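# Architecture at a glance
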There are 2 protein chains.
Amino acid sequence: MERTEIEEKYKWDLSKIYKDPQDFYKDITTCQQLLDQLAGFEGKLTQNIDNFIAFLKTRDTMSQLINKAYCFAHLNCDVEPENQGYQQMMATVMTLLQQAGVKLVYVDNEICKNDKSVTAYLKDDRLQAYRYSISNILAYKPHLLDDEQEMLVAKIDNIADTSEQVFDSLRLDFEDVEVNGKKETLNQATLSKFLKNKNVQVRKDAYHQFFKEYRKFENTFALTLSGVMKKDAFYSDIRHFETPLEASVFNDDVPSSLFFKILDKANRQYRPLFHRYNRLKKELLQIDDFYNYDLNVPLVTSVSKKYTIDQCFDIINKALAPFGQDYLKIINQARDERWIDYYPTAHKRGGAYSSGSYLTQPYILMNFIGDYDSLSTLIHELGHSVHTYLSCQNQEYVNSNYRIFVAEVASTVNETLLINYMIDHAKSNQEKKYFIYEQLENCVGLLFRQPMFADFEHRLHMMAQNNEPMSSQIITDLYAKLNQEYFGEDVKMDELVGWSCYYVPHFYYDYYVYKYTLGMTVALAIVSRILSGDSKQVDRYLEFLKSGGKESPVDLLSHAGVDPLDDAIYDDAFKYFEDLLNEFENLSK
Amino acid sequence: MERTEIEEKYKWDLSKIYKDPQDFYKDITTCQQLLDQLAGFEGKLTQNIDNFIAFLKTRDTMSQLINKAYCFAHLNCDVEPENQGYQQMMATVMTLLQQAGVKLVYVDNEICKNDKSVTAYLKDDRLQAYRYSISNILAYKPHLLDDEQEMLVAKIDNIADTSEQVFDSLRLDFEDVEVNGKKETLNQATLSKFLKNKNVQVRKDAYHQFFKEYRKFENTFALTLSGVMKKDAFYSDIRHFETPLEASVFNDDVPSSLFFKILDKANRQYRPLFHRYNRLKKELLQIDDFYNYDLNVPLVTSVSKKYTIDQCFDIINKALAPFGQDYLKIINQARDERWIDYYPTAHKRGGAYSSGSYLTQPYILMNFIGDYDSLSTLIHELGHSVHTYLSCQNQEYVNSNYRIFVAEVASTVNETLLINYMIDHAKSNQEKKYFIYEQLENCVGLLFRQPMFADFEHRLHMMAQNNEPMSSQIITDLYAKLNQEYFGEDVKMDELVGWSCYYVPHFYYDYYVYKYTLGMTVALAIVSRILSGDSKQVDRYLEFLKSGGKESPVDLLSHAGVDPLDDAIYDDAFKYFEDLLNEFENLSK
């Protein structure tokens, strides 16, 4: 559909950010002036505490404005990539960010060189809000290079992002899929619909027509994927980290043991549970040659409800009722104030995300098609947006930005409350089965699939670190092998499975995917306590949402009542999956 | 056509490089061992002259083997990009090259630090062949960074080439063009055929169907094109050059005044001549709305000969007869020993090039379709290949590699001898007109078009240097504007003209295009002397071909009898164009 055909209330309102594009460029000019002021602090940054505070406040002001401008440019580009005015804004912000990187490259070094003065300053109450972020800079000291090298590295940033940018810019076209003699549009938003079709030929056609386009561009995708791995390995190397993983977890302020714990639980200890589920699917669907493109055929066919956006909000309000009125008020604000861009339109970026900045409201991009997935995605992204909203409301700017690491908790708690609500309010055994099935699928995605992704990504990173060649054949062979092991011997792999790795944007996000698993695991713990009537857990959780990024993820989560380093939460999560599976199997008999 | 359908004698024989892929990997292993030996010279490189000589000889051995392996991998990848075995070889060589870059990063620094010892060593006869190349390293001293920074820069090389690699990897598909009710295949090899069609609808369709695909991927191409400009600006910046142009001409060992001289002559002083030619075209073709996609309609229609490959070699032998038997022997060797891959096949890289290495024969890739263009391209690439062959035969390895800068002379002299032969041996006024027209077109491409390309490329480089945003709109607007100025007011620009810049691979070659103009200018001087019976010029020219890269381009060309810094050779070249144009206009009356 074309964007102009969509009603205003179903599109986000970006005019709240800038009414006039001129205002965007005014902010850019202001930022350039502030940047020059900030550059003028070089050599004097830690001369006295007043200088230091003045610098930090000015930087916050500039940073807020840049984020606002970036937010405007990227949201617009994502829905209208062919609009060159927005592309130009995007290029302008990126250039400004790069300039800021170069001009402020001295800052962390100057702070680390004068760590004694800075540590003394931090005791001053005026710097209270900055304590956590500046202690992170001080901890980075062993990874800082000398001034000249830091300047060189800052300049590299300008040329290092090509792989990710190119991946983002590539929009493929797919052949239509024939369903009952009619041609239907295949794209990133509709693929899943075809894969749920009862007719195996439709599923196979959709799968093939989708991934053969990725194979057609395989050398390009192999370059962008290996390019981003090489980039991560490069930064890890020059910053004296042992591995790209160590560099990544350092930035997240968590121990790398957490990564390996999650992979070990999902990919080794509990994988047989996933294989059991796949075997059950094969039996229930009665497909002898059971392929990976058959895995999405619903096991429960009669309940395939459609939801309008209004119906979605009704359900969401009920499912999230345990959080209380303050939380629900924000949810409805999101709808009424047009935070959300719902429908898929021509050229619009696929998938869904929540974005926003300190000076703007949160924004949600969706490709809503009205099925349960869309409902679930909506409540998921609303989880992020409420988290963003509460963090920005309750924290000073410096602490408002929470790490990806805890972000997925906020979204997954919502998804889990939704599905529990759906299971509990099912009007029949059939409906109950349907939502249990949905939750099983959801658990597969978060508890099993993401750790497999994480394993793949980690191997690619290690290949980059060891300078091993990464041709498309090597990449796709590896991915095909990992998928076969992952799905188990009851599922045959389609010949194109290896190329399906080129479809996953998260591989460009530097050890992102395992955080989903942690988010799910923590969310299951939080939800089960909330639903068992633990009112303290609600308060602790809302407090967590208001905390932004003021502490380390482990501290934030521990204050929310769940310790991510504790084995028990993982064992409980997989036990939850096993219980659901048992219940589903019983209902299916 | 599929590759398997082509007769062996029309495909290059790469089995001469490696019979067995295992041999490729054996050479890689040898290179790795040699690389370790070379790394062991660190700190001892200039301890004494014997060490120094041993290092240089060993490095030459390794470098020859790497080039051989690279040659095998890239030639195979270019004709069979879907063969993952070759892609893997390519990735292996690239990784090895990167490792070599990192492990040998100390070399130039160690030579420069010990420049007094090294300068003394160079007086030793055993180092005679190395004098020019090592004096170039010593001249680079002001641009070298300290050891730690050089190590950092060497590591960057691994991640800096993404833009160019992605551009190379992108293969677009185009809609068929309808000609007389029949669908015909449109691709990079056939575009020019459609643009010569008498039917304006065919030309317009072909132009639109071709460049709308580039527009479809415009954001990707804008990223790769701006990416390579940013990369060049980055290296220029960190190596303390004034501009990317200065960095480029330093590597070529020519003054930047040469670049501006060429642009001034072509884009300012003599551009009215080109506009006059376009006006004549419009009149002769009697097209009122004369568009840029009409410019390739032949002005002389009756002679549109087709040539078989055997006929091409007959003509080539006659045209190049002034060079004597030794030269012709090599030409026929190229045919008989299967240096050449003639025909376009599915997925094969477009265009044409001459490649090869010190340990292999030269190789030529073509997309031969049997028209005069194909014949001319063949003699052009044979010019490069003979140059390579003679340089490798007559120079030690270190001096065998000639610069791009002089390369185009060898190819253009051949093209010019061919067209002169065709004009002189025309069987009718009509045929004479036809070949004069071909030469006018050829001159347009080399004397006028390349300097316009060079101007565009230079502007992009300066935008990158100044951190100006480079969205697709900015890039395509600039290109459209330059094209309008270039073609003049008699030619209307199609709305897609701005996107046609995304089609030109040479913009990824760091100030390459203006070298074509120099090559043509110098070639016209050499050919006119040879044809006027100056036998010394033949000897001097053959000596030039045997000289490889043993001196600076200005010295090499001066020894061939033409000084590229002399205004007169440019004025003569454009005078030659004017004379041809006059003759053509007279014949057309």
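This text goes with the structure placed above it.
All of the points below concern the structure found in this document.

About the criteria used
Starting from 1, residues in each chain are numbered consecutively following that chain's sequence as written. Each chain takes a letter, starting from A, and each ligand takes a number, starting from 1, following the order in which they are written. Where totals are concerned, whole chains, interfaces and linings use all residues; where local detail is concerned, this predicted model gives features only for residues with pLDDT of at least 70, and gives and counts side-chain atom pairs only at 80 or more. Each side-chain value is derived from all of the structure's non-hydrogen atoms; neither hydrogens nor water enter the calculation. Secondary structure follows DSSP: runs of H or I at least 4 residues long count as helices, runs of E at least 2 residues long count as strands, and numbering of each begins at the N terminus. In this description the radius of gyration comes from C-alpha coordinates, and the expected globular size is given by 2.2 Å times residues to the power 0.38. Summary of the burial criterion: residues with accessible area below 20% of their type's maximum are buried, those above 50% are exposed, and those between are partly exposed, where the area comes from a 1.4 Å probe applied to protein chains only. Any pair of residues with heavy atoms lying within 4.5 Å of one another is described as a contacting pair. When DSSP finds two or more bridges between two strands, those strands count as paired. Axes here mean lines fitted to C-alpha atoms, for a helix over just the part in contact, with angles spanning 0 to 180 degrees between N-to-C directions. Copies overlap after least-squares fitting; the atoms used are the C-alpha atoms of residues with pLDDT of at least 70 in both. Between Lys or Arg on one side and Asp or Glu on the other, a salt bridge is scored when a side-chain nitrogen of the former is within 4 Å of a carboxyl oxygen of the latter. By definition here, a helix of n residues has an expected span of 1.5 Å times n minus one. One axis is fitted to the seven residues ending at the residue and one to the seven starting there. The bend at that residue is the angle between these axes. The term buried area refers to how much accessible surface (probe radius 1.4 Å) is lost by two components on association, counted for both of them together. As used in this structure description, the phrase polar contact means that two N or O atoms lie within 3.5 Å; if the pair is within protein, one of them must be able to donate a hydrogen and the other to accept it, and residues adjacent in sequence are counted only when both atoms belong to side chains. By the counting rule applied here, Lys and Arg register as positive and Asp and Glu as negative, while His and the ends of each chain are not counted. Stacked, tilted and edge-to-face pairs are distinguished by plane angle, under 30 degrees for stacked and over 60 for edge-to-face with tilted covering the rest, among Phe, Tyr and Trp rings (Trp via its six-membered ring) whose centres lie within 6.5 Å. By definition, the arc is the one covered by directions from the helix axis to the C-beta atoms.

## Overview of the overall build of chain A
- Helix and strand counts for chain A stand at 25 helices and five strands.
- Relative to the globule expectation of 25 Å for 589 residues, the C-alpha radius of gyration of chain A, 24 Å, shows essentially globular dimensions.
- If one aligns the C-alpha atoms of chain A with their principal axes, the spans along those axes are about 75 × 55 × 50 Å.
- Taken across its 589 residues, chain A has 60% of its residues classed as buried.
- Contacts in chain A between residues far apart in sequence, at least 24 positions, make up 76% of those at least 6 positions apart.

## Side note on the sheet that holds strand E4 (residues 353-355) of chain A
Residue and element names in this part refer to chain A.
- Reading across the sheet, the three strands line up as E3-E5-E4 and stay open at both edges, with mixed pairing between neighbours. On the outer flanks of this sheet lie strand E3 (340-341) and E4, each paired with one strand and no other.
- As judged from the two bridges shared by E3 and strand E5 (residues 363-365), these two strands associate in the parallel manner. Note on E5: the bridge partner recorded for Asp341 is Leu365.
- Lying on the sheet, helix H2 (residues 49-79) is in contact with E3, E4 and E5; it crosses E4 at an angle near 155 degrees.

## Some thoughts on the relation of the copies chain B and chain A
- The operation relating chain B to chain A is a screw motion whose rotation component is 180 degrees, with 0.0 Å of axial translation and a residual RMSD of 0.0 Å. Considering both components of the superposition, the chain copies are consistent with a two-fold axis.
- Comparing interface residues between copies, 100% of those in chain B also lie at the interface in chain A; the contact surface is shared.

## A short note on the pattern of salt bridges
- Enumeration over the complete set of coordinates arrives at 75 salt bridges over all chains.
- Between A:Glu585 and A:Arg276 there is a salt bridge; the shortest N-O distance is 2.7 Å. Taken as a pair, A:Glu585 in helix H25 (residues 567-588) and A:Arg276 in helix H14 (residues 271-285) lie far apart in primary sequence, 309 residues in all.
- The exposure class assigned to A:Glu585 is partly exposed, which follows from its relative accessible area of 26%.
- The salt bridge partner of B:Asp36 is B:Lys103, with a shortest N-O separation of 3.1 Å. Within this pair, whereas B:Asp36 is found in helix H1 (residues 21-39), its partner B:Lys103 is found in helix H3 (residues 84-103), the two being separated by 67 residues in sequence.
- The exposure class of B:Asp36 is partly exposed, given its relative accessible area of 46%.
- The partly exposed category is assigned to B:Lys103, whose relative accessible area is 36%.
- Here the salt bridges do not stand alone but share partners, grouping A:Lys261, A:Lys265, A:Asp567 and A:Asp571 into one network.

## Comments concerning helix H20 (residues 429-465) of chain A
Residues and elements named next belong to chain A.
- Taking 1.5 Å of rise per residue, the 37 residues of H20 would be expected to cover 54 Å, and the 52 Å separating its terminal C-alpha atoms lies within 8% of that figure.
- The sharpest bend along H20 measures roughly 35 degrees and falls at Arg449, with the proline Pro451 sitting one to four residues further on.
- The buried count for H20 comes to 29 of 37 residues, which makes it a mostly enclosed element.
- Following H20 by one or two positions, Asn467 has its phi on the positive side, about 55 degrees.

## Remarks on the sheet that holds strand E5 (residues 363-365) of chain B
All names here are of chain B.
- With respect to topology, three strands assemble into an open sheet ordered E3-E5-E4, the strand pairing being mixed. The sheet terminates laterally at strand E3 (340-341) and strand E4 (353-355), the two strands that pair on one side only.
- Sheet topology note: the E4/E5 ladder contains three bridges and is antiparallel. Bridge assignment links Tyr353 to a residue of E5, and that residue is Leu365.

## Focus on the interface of chain B and chain A
- On the chain A side, the residues contacting the 48 residues of chain B number 49 residues.
- Counting each side, the surface lost to burial between chain B and chain A is near 4100 Å², with a carbon and sulfur contribution of 60%.
- Contact with chain A buries surface across chain B, with B:Gln84, B:Leu152 and B:Ile159 losing the most and accounting together for 15% of the total.
- Seen at the junction of chain B and chain A, the total is four salt bridges.
- Between A:Asp173 and B:Lys216 there is a salt bridge, and its shortest N-O distance comes to 2.7 Å.
- Counting across the chain B and chain A interface gives 14 residue pairs in polar contact (both at pLDDT 80 or more).
- For the side of chain B that touches chain A, the elements supplying multiple residues, two or more each, are H3, helix H7 (147-160), helix H8 (162-169), helix H11 (218-238) and helix H21 (472-487) of chain B.

## Examining the side chain of B:Glu218
- Position of B:Glu218 relative to the elements: it lies in helix H11.
- B:Arg215 is the oppositely charged side chain nearest to the buried, salt-bridge-free B:Glu218, at an N-O distance of 6.1 Å.
- Not counting residues up to four positions away in its chain, the partners in contact with B:Glu218 are A:Gln84, B:Ser472, B:Trp499 and B:Tyr502.

## A short note on the packing of aromatic side chains
- Applying the stated criterion across every chain yields a total of 115 aromatic pairs over all chains.
- Arranged with centres 5.4 Å apart and planes meeting at 40 degrees, the rings of B:Phe210 and B:Tyr214 form a pair that is tilted. With a gap of four residues between them, B:Phe210 and B:Tyr214 both fall in helix H10 (residues 200-216), about one helical turn apart. In this structure, B:Phe210 and B:Tyr214 share a single accessibility class: buried.
- In textbook terms, an aromatic cluster arises when at least three aromatic residues are bridged by ring pairs, as seen for A:Phe167, A:Phe174, A:Tyr207, A:Phe210, A:Phe211, A:Tyr214, A:Phe221, A:Tyr291, A:Tyr293, A:Tyr502, A:Tyr503 and A:Tyr508.

## Points about the environment of B:Gln269
Residue and element names in this part refer to chain B.
- Looking at where Gln269 falls in the secondary structure, it is placed in helix H13 (residues 257-269).
- Between the C-alpha atoms of Gln269 and Gly350, which are 81 residues apart in sequence, the distance is 34 Å.
- Ignoring any residue separated from it by four or fewer positions in sequence, one finds Gln269 in contact with Asp264 and Asp571.
- A polar atom in the side chain of Gln269 sits 3.2 Å from the side chain of Lys265.

## Digging into H8(B)
- Every buried residue belonging to H8(B) is among B:Thr162, B:Ser163, B:Val166, B:Phe167 and B:Ser169, and all of these are buried. For H8(B), the angular spread of the buried residues around the axis is 165 degrees, confining them to a single face.
- Here the buried face of H8(B) lies against helix H8 (162-169) and helix H11 (218-238) of chain A together with H7 and H11 of chain B.

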